[in-house]
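Examination of the molecular architecture
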Amino acid sequence: MTASRFARVAGVLLALTVTALFTLHTGEAHAAGIGDFLRTNMAPVMFAALVVFLLLGYPVAFALAANGLFFAIIGIELGLFQENFLQAMPERIYGTMNNDVLLAVPFFTFMGLVLERSGMAEDLLDTIGQLFGPIRGGLAYAVVFVGALLAATTGVVAASVISMGLISLPIMLRYGYDRRLASGIIAASGTLAQIIPPSLVLIVLADQLGRSVGDMYEGAFIPGLVLSAMYAGYIFLITMVYPKRAPGLPPEAQTLRDADGVTRRFSLLVVTVVSFGSAIAYMKYFTAVKGGADFVVLTMSLAVGISFALALTNKYLKLNLLSVMTEQVIFVMVPPLALIFLVLGTIFIGLATPTEGGAMGAAGAILLAIGKRRLSFDLLRQATESTAKLSAFVLFILVGARVFSLTFYGVNGHLWVEHLLIGLPGGATGFLIVVNVMVFLLAFFLDFFELAFIIVPLLGPAAEKLGIDLIWFGVILAVNMQTSFMHPPFGFALFYLRSVAPKERYRDKVTDIEMAPVTTAQIYWGSVPFVVIQCIMVAVVIAVPQMVTHYKASIIQLDQKAIDQQFDSIQIPGIGGAGGLPGLDLNSPPPLNLN
């Protein structure tokens, strides 16, 4: 924002404050009418004023704080707001900075940025593209697969979209992919980092709804995988109806072949079956873990370890039992899968908190960069600077939201929102429909951090009053807010892709053919089908809550009756009864000495 624009908005705010105070101090009839109107409608007027400030383009954090202070002064003059409330502001701001849960945000951001610069995405896209390449839409399937894998390791949308845009888009255009399909699948796959843990938005939503980040991660995992499958299903339909829009790779582009020119993908299937079969058998017969998240995480980790050991043995003993493609796929897949276990696995089985998991992930990302010999001071500096900027951005918005909510709650704005939403027709279903439509429309203008800090704290209490599980509600909102990255005109994923997509005609480095650029209209139109898929996914999560509420199976259930019986059976020796203190009866009231 320029200094002149800042001065204009600040001047408008100051003029409104002076005008309001002058009007309220006058004794005229119209002033009394304005005062009565504000006393009755302070909360909606305050919310409407916030919308006006945001539409003026004022920074969100400062718009929230200024709006809160402005209406605090008005509320004090009207007798609606106790000035003692303002004394709680320093404590609320300090509590925000002292929040251990939000410490996971810089850890996961740093991890994602280091991984994005370590070349892991490039290796994954190249290898998985070779694996799926020969089938129609193979490169698009590879982008979805790698997008889900990057989402489970980086959790940062910008890193995923930019990486895949730089690496996959030129290859897809080289081999005749439709520009709209290629742009849409890259942008949509990058936004999977919003819903697949360790997503930053899930951390913020869990914090704002007052729920466990681990439960939010566990609840969001299946919807994230289902959404990835829906993207792949859309590609399959396109290849069936319009096969020329997503052709397979030609034979000359398939370089991962054995010495005799054969790829032998079947050996990868054999290694997968042997590894998982061995892991399941070991867990069933040699451990006490028989089910739940612990069984799934440990079985997958053991299977990955077995396949990695087989590949190493085959390579260094030169057994030639595995094909070149199988070895390459295993060596490329193991590092991100190991990182997923290190971060998400330890969180799911209860060994680490999300903050501790983020710290281990950041350390693991540095080790991977060292292993690829890409760690440098410049890489660390860039990742640290970007992490500091994003963390400061989040913290400033949260501090502004705290100031706004202090005044909003002080004038009973939360009760106004609660009564407004609870009174909707249709009960919980009507509430979910209206809220999701509202969040979808607001996502055209606000990003997910702003929605999470401004809107979610107002929706959470109403959802809880209606008996809605807040983890389920949070996952629904996360899937919905994912569209904020995708739909025009302010979809950040579209901007990220636009920044790396070719803007002018260029000559392909491999084929030496002059290629047409990718237009902004093609990127926007390519995103539309995937926005529709995301909206369908919201409806699916609402219709099938078991996709999320399975997280409750890992929660330890306490039997309150058994606990009460145990307390009732406790006897304190030496007090009352046989062998107790003489003359002391615990069942009689204490004597009163009135002298």
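Residues numbered from 1 in each chain as written. Predicted model: local features only at pLDDT ≥ 70, side-chain atom pairs only at ≥ 80, totals over all residues. Heavy atoms only, no water.

**A short note on the overall build of the chain**
- Within the chain, the regular secondary structure consists of 25 helices and 2 strands.
- Buried residues in the chain amount to 46% of all 595 residues.
- Looking at the chain alone, contacts between residues at least 24 apart form 77% of all its contacts between residues at least 6 apart.
- For the chain, the accessible area works out to roughly 28,600 Å², and carbon and sulfur atoms hold 67% of it. (Helix = DSSP H or I, 4+ residues; strand = E, 2+ residues; numbered from the N terminus. Buried < 20%, exposed > 50% of the residue type's maximum accessible area, 1.4 Å probe, protein only. Contact = heavy atoms within 4.5 Å. Areas by Shrake-Rupley, 256 points an atom, 1.4 Å probe, with all protein chains shown as cover.)

**Quick look at helix α22 (residues 492–500)**
- The complete set of buried residues in α22 reads Ala493, Leu494, Leu497 and Arg498. Down the axis of α22, the buried set is contained in an arc of 135 degrees. They therefore lie on one face.
- Here the buried face of α22 lies against α8 (157–174), α9 (179–190) and α23 (520–543). (Arc of directions from axis to C-beta.)

**Some words on α23**
- If you check α23, its first and last C-alpha atoms are 35 Å apart, about what 24 residues at 1.5 Å a residue would give, namely 34 Å.
- Approximately 25 degrees is the largest bend angle found in α23, and it occurs at Val528, with the proline Pro529 only one to four residues beyond.
- Of all the residues in α23, the buried ones are Ile523, Gly526, Ser527, Phe530, Val531, Ile533, Gln534, Met537, Val538 and Val541.
- Where the residues of α23 are buried, they touch α9, α11 (213–241), α18 (427–442), α21 (470–481), α22 and α24 (546–549). (Expected span 1.5 Å × (residues − 1). Bend = angle between axes of the 7 residues up to and from the residue.)

**Focus: the nonpolar core**
- Core analysis: the biggest nonpolar cluster contains 163 residues, and Met172, Ile185, Ile195, Tyr217, Tyr231, Phe431 and Phe473 have the highest contact counts within it.
- Here the element with the most residues in this core is helix α14 (residues 324–348); it accounts for 12 residues.
- Setting aside chain neighbours within four positions, we find Ile195 in contact with Leu202, Ala220, Gly224, Leu227, Val475, Ala478, Val479 and Gln482. (Core = buried A, V, L, I, M, F, W, Y, C linked by side-chain atoms within 4.5 Å.)

**Remarks on the packing of α18 against α21**
- Interaxial distance between α18 and α21 falls to 9 Å at its minimum, and their mutual angle equals 35 degrees. Along this stretch, α18 crosses α21, giving a crossing that reads as right-handed. Contacts between α18 and α21 involve Phe431, Leu432, Val435, Asn436, Val439 and Phe440 from the former and Trp472, Phe473, Ile476, Leu477, Asn480 and Met481 from the latter.
- Of the residues in the contact of α18 with α21, the class split is 10 nonpolar, 2 polar and no charged. (Axes fitted to C-alpha atoms, helices over the stretch in contact; angles between N-to-C directions. Left-handed = near helix turned anticlockwise from the far one by under 90°. Nonpolar A, V, L, I, M, F, W, Y, C, P; charged D, E, K, R; others polar.)

**As for the packing of aromatic side chains**
- One pass over the structure, following the stated rule, counts 14 aromatic pairs.
- On the numbers, 6.4 Å between centres and 65 degrees between planes, the contact of Phe108 with Tyr217 is edge-to-face. Placement of the pair is Phe108 in helix α5 (residues 104–117) and Tyr217 in helix α11, with a sequence separation of 109 residues. Here Phe108 and Tyr217 have matching classes, each one buried.
- When the ring centre of Tyr242 is taken as reference, the NZ or CZ atom of Arg245 above it lies at 4.0 Å.
- Taking the ring centre of Phe295 as reference, the NZ or CZ of Lys284 above it sits at 5.2 Å. (Phe/Tyr/Trp six-rings, centres within 6.5 Å; stacked < 30°, edge-to-face > 60°. Lys NZ or Arg CZ within 6 Å of the ring centre and 35° of its normal.)

**Examining the pattern of salt bridges**
- Enumeration according to the criterion identifies 6 salt bridges in this entry.
- Salt-bridge contacts for Lys372 lead to Asp123; the nearest nitrogen and oxygen are separated by 2.8 Å. One end of the pair, Lys372, is in the loop between α15 (354–371) and α16 (377–410); the other, Asp123, is in helix α6 (residues 120–132), with 249 residues separating them in the sequence.
- Taking relative accessible area as the criterion, Lys372 reaches 31% and is therefore assigned partly exposed. (Salt bridge = Lys/Arg side-chain N within 4 Å of Asp/Glu carboxyl O.)

**Points about a nonpolar patch on the surface**
- Together, Phe266, Leu269, Val270, Val273, Val274 and Leu310 make up a nonpolar patch on the protein surface, roughly 550 Å² of accessible area in all.
- For the nonpolar patch, the leading source of residues is helix α12 (residues 266–286), giving 5 residues.
- Position of Phe266 among the secondary structure elements: in helix α12.
- With relative accessibility at 62%, the residue Phe266 sits in the exposed group. (Patch = residues over 30% accessible without salt bridge, like charges linked within 9 Å, V, L, I, M, F, W, Y side chains within 5 Å.)

**A short note on the side chain of Ser189**
- Structurally, Ser189 is set in helix α9.
- Here Ser189 falls in the buried class, since its relative accessible area comes to 0%.
- Engagement of the side chain of Ser189 in a polar contact is seen with the backbone oxygen of Ile185, the distance being 2.7 Å. (Polar contact = N/O pair within 3.5 Å; in protein donor to acceptor, adjacent residues only side chain to side chain.)

**Re unusual backbone geometry**
- In the segment running from Pro197 into Pro198, the intervening peptide bond is cis, with an omega of 5 degrees.
- Here Pro198 is to be found in the loop between α9 and α10 (200–209).
- Positioned with a positive phi, Asn320 is a non-glycine residue whose angle comes to about 60 degrees.
- By relative accessible area, Asn320 is classed as exposed at 68%.
- Of note in this structure, Arg373 is not a glycine but carries a positive phi near 60 degrees.

**Topic: the packing of helix α7 (residues 138–151) against α8**
- Packing of α7 against α8 brings their axes to within 11 Å, and their N-to-C directions diverge by 165 degrees. With respect to their mutual orientation, α7 and α8 come out roughly antiparallel. Between α7 and α8 the crossing geometry is right-handed. Touching Leu139, Ala140, Val143, Gly147 and Leu150 of α7 are Ser160, Met164, Ser168, Ile171 and Met172, all from α8.
- Class assignment of the residues belonging to the contact of α7 with α8 gives a composition of 7 nonpolar, 3 polar and no charged. (Parallel < 35°, antiparallel > 145°, perpendicular 65-115°, else oblique.)

**Concerning the environment of Ala148**
- Among the structural elements, Ala148 can be located in helix α7.
- Along the primary structure Ala148 and Ala229 are separated by 81 residues, whereas in three dimensions their C-alpha atoms are 9.9 Å apart.
- Beyond its immediate sequence surroundings of up to four residues, Ala148 is in contact with Leu192, Ile196 and Ser228.

**Observations regarding the confidence of the model for the chain**
- Of the residues in the chain, 86% have a pLDDT of 70 or more, and the chain-wide mean is 81.
- Considering only residues more than four positions removed or in separate chains, one finds that residues 27–31, a stretch of pLDDT under 50, has 2 contacts.
- Of the regions scoring below 50 in pLDDT, residues 574–584 engages in 9 contacts with residues more than four places distant in sequence or in other chains. (pLDDT = per-residue confidence, 0-100.)

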